[in-house]
Amino acid sequence: MNATDPTRRSTDVHRLLDEAFAGVELTPEVQDLKEEIRDNLLFRVAELEASGVEPSDAARRAMAELGDVRALVDDGAAAPAPVRAESASAAALRNKVRPKPGFVVRTVLLSIVAAAALVLLVLGLIGVLSLGTGVLIGLSAGFGVSLGIVTGDALRQETTANHPLPTGRAVAFGASTGLLLAGLSFTAVVIVRLDLAWIILSTLLVVAAIAALSYLGATQTNRHKPWVLEQQRATTFANRFDEDPAAAARFGIYTAAIWIVAFVLAVVLGFTLGWIWVPVALVGGFVAMLITLARMLFGVDARSKS
């Protein structure tokens, strides 16, 4: 029998769950709790297998994350009947996923590198330190790359409330974030040290990063994950892009229009008021795009009122 076969998965969960409940009096309430835990375990095992955990280890890891079954039973017995259905969820929150040591070390070291790069960059720009333009550009890149790696790495970590993003999307989020921060830092270098013609390059970097983040944010969804499906069954609130592809197309058009206007405005401000005003146009475009995204994703659809 294939190790990833659902029947095998179910058998492993049933066996481990029966072992965990051995010696526990199976009252009707406890039996209900056991069945709820069984469903949650089957979902969790499927997720672990999908993320690459060996099938032979997935059921044992899911049981380990569950914690002390007797404590769950005691909680269920002590709670009023209407609250018992939430006891398994409360138990899941108590069984927090601990950060991996390697992730903690990487995050601390890269954050120190990013902070040091930012401090040196600022000191170099204001003239406290005598640093060459090439060094300042390198510090801008180091600042962006460090925090970009931290961002992507964090999105690949499992937490109590969130499961890791696929590697490709996590890397894309991290790269876009790093490009945005590096582009903004490079803009400061251009304004202080370089010919302002370089502002076009820095603007393109920032706009490209924002566009990438916008695309990733608009297409990000957890709709296939079991807890999201359960939430959707219990609420009428929905992601409009999932239900209305035309809305997603309109958002793309609006985004393009917003950034064309922002870019033109940035050039106009640069030649009239001074290039130091260019970031104002970019920030304004970013804010306008976020407001548009929020209204289109989460605004009340007029059709729902009829």
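Residues numbered from 1 in each chain as written. Predicted model: local features only at pLDDT ≥ 70, side-chain atom pairs only at ≥ 80, totals over all residues. Heavy atoms only, no water.

Let us now look at the overall build of the chain. In terms of regular secondary structure, the chain is built from 14 helices and 0 strands. Overall, the chain shows an N-to-C arrangement of helices and strands of α-α-α-α-α-α-α-α-α-α-α-α-α-α. The long-range share in the chain, meaning contacts at least 24 apart out of those at least 6 apart in sequence, stands at 64%. (Helix = DSSP H or I, 4+ residues; strand = E, 2+ residues; numbered from the N terminus. Contact = heavy atoms within 4.5 Å.)

A word on a nonpolar patch on the surface. Together, Ile200, Leu204, Ile260, Phe263, Val264, Leu265, Val267, Val268 and Phe271 give the surface a local cluster of nonpolar side chains, amounting to about 810 Å² of exposed area. Of all the elements, helix H12 (residues 245–272) adds the most residues to the nonpolar patch, at 7 residues. Structurally, Ile260 can be placed in helix H12. (Patch = residues over 30% accessible without salt bridge, like charges linked within 9 Å, V, L, I, M, F, W, Y side chains within 5 Å. Areas by Shrake-Rupley, 256 points an atom, 1.4 Å probe, with all protein chains shown as cover. Salt bridge = Lys/Arg side-chain N within 4 Å of Asp/Glu carboxyl O.)

On to the nonpolar core. Core analysis: the largest hydrophobic core is formed by 21 residues, its most contacted members being Ile210, Phe251, Trp259, Val278 and Leu282. Every element with two or more residues in this core is listed here: helix H8 (167–193), helix H9 (199–219), H12 and helix H13 (278–298). Contact partners of Leu282, with chain neighbours within four places excluded, come to Thr203, Val206, Val207 and Trp259. Counting 18 residues, the second-largest nonpolar core is a separate cluster that includes Leu33, Val45, Val53 and Ala62. (Core = buried A, V, L, I, M, F, W, Y, C linked by side-chain atoms within 4.5 Å. Buried < 20%, exposed > 50% of the residue type's maximum accessible area, 1.4 Å probe, protein only.)

This part covers the packing of H8 against H9. Remark: H8 packs on H9, axes separated minimally by 8 Å, with the N-to-C direction vectors making an angle of 155°. Considering their axes alone, H8 and H9 lie roughly antiparallel with respect to each other. Of the two elements, H8 crosses H9, and the hand of that crossing is left-handed. Tallied by class, the residues present in the contact of H8 with H9 amount to 18 nonpolar, 7 polar and 1 charged. (Axes fitted to C-alpha atoms, helices over the stretch in contact; angles between N-to-C directions. Parallel < 35°, antiparallel > 145°, perpendicular 65-115°, else oblique. Left-handed = near helix turned anticlockwise from the far one by under 90°. Nonpolar A, V, L, I, M, F, W, Y, C, P; charged D, E, K, R; others polar.)

The pLDDT averaged across the chain works out to 75; a share of 73% of its residues lies at or above 70. The least confident element of the chain, judged by mean pLDDT, is helix H14 (residues 302–305) at 42; the most confident is helix H7 (residues 133–155) at 92. This model gives residues 301–306 a pLDDT under 50, and the stretch forms 3 contacts once residues within four places in sequence are excluded. (pLDDT = per-residue confidence, 0-100.)

Glancing now at the pattern of salt bridges. Oppositely charged side chains may form a pair once their charged atoms are brought near each other. One pass over the structure, following the stated rule, counts 1 salt bridge. Close ionic contact of Arg106 with Asp153 constitutes a salt bridge, the shortest N to O distance being 2.7 Å. Taken together, the residues span a long stretch of sequence, with Arg106 in helix H6 (residues 101–125) and Asp153 in helix H7 at a distance of 47 residues. With relative accessibility at 38%, the residue Arg106 sits in the partly exposed group.

For H6, spanning 25 residues, the distance from its first C-alpha to its last is 36 Å, which sits close to the expected 36 Å at 1.5 Å a residue. For H6, the full list of buried residues reads Phe103, Ala114, Ala117, Leu121, Gly124 and Leu125. Immediately beyond the C-terminal end of H6, within one or two residues, lies Gly127, with a positive phi of roughly 90°. (Expected span 1.5 Å × (residues − 1).)

Let us look at the environment of Val171. Tracing the backbone shows Val171 in helix H8. The spacing of Val171 and Gly148 is 23 residues in sequence and 8.6 Å in space, taken between C-alpha atoms.

With the rule as written, the count across this model stands at 1 cavity of 30 Å³ or more. Ile199, Ile200, Thr203, Phe263, Ala266, Val267, Trp275 and Val278 together form the lining of the largest cavity. When the residues that make up the lining of the largest cavity are grouped by side-chain class, the tally is 7 nonpolar, 1 polar and no charged. (1 Å grid on protein atoms, 1.4 Å probe; cavity = no way out; pocket = protein on both sides within 12 Å on 5 of 7 lines; lining within 4 Å. Points joined across faces, edges and corners; volume = space filled by probe spheres on them.)

Okay, the side chain of Thr187 next. The residue Thr187 is located in helix H8 in this model. Only 2.8 Å separates the side chain of Thr187 from the backbone oxygen of Gly183, close enough to count as a polar contact. Those residues in contact with Thr187 that lie beyond four places of it in its chain are Ile199, Ser202, Val206 and Pro279. (Polar contact = N/O pair within 3.5 Å; in protein donor to acceptor, adjacent residues only side chain to side chain.)

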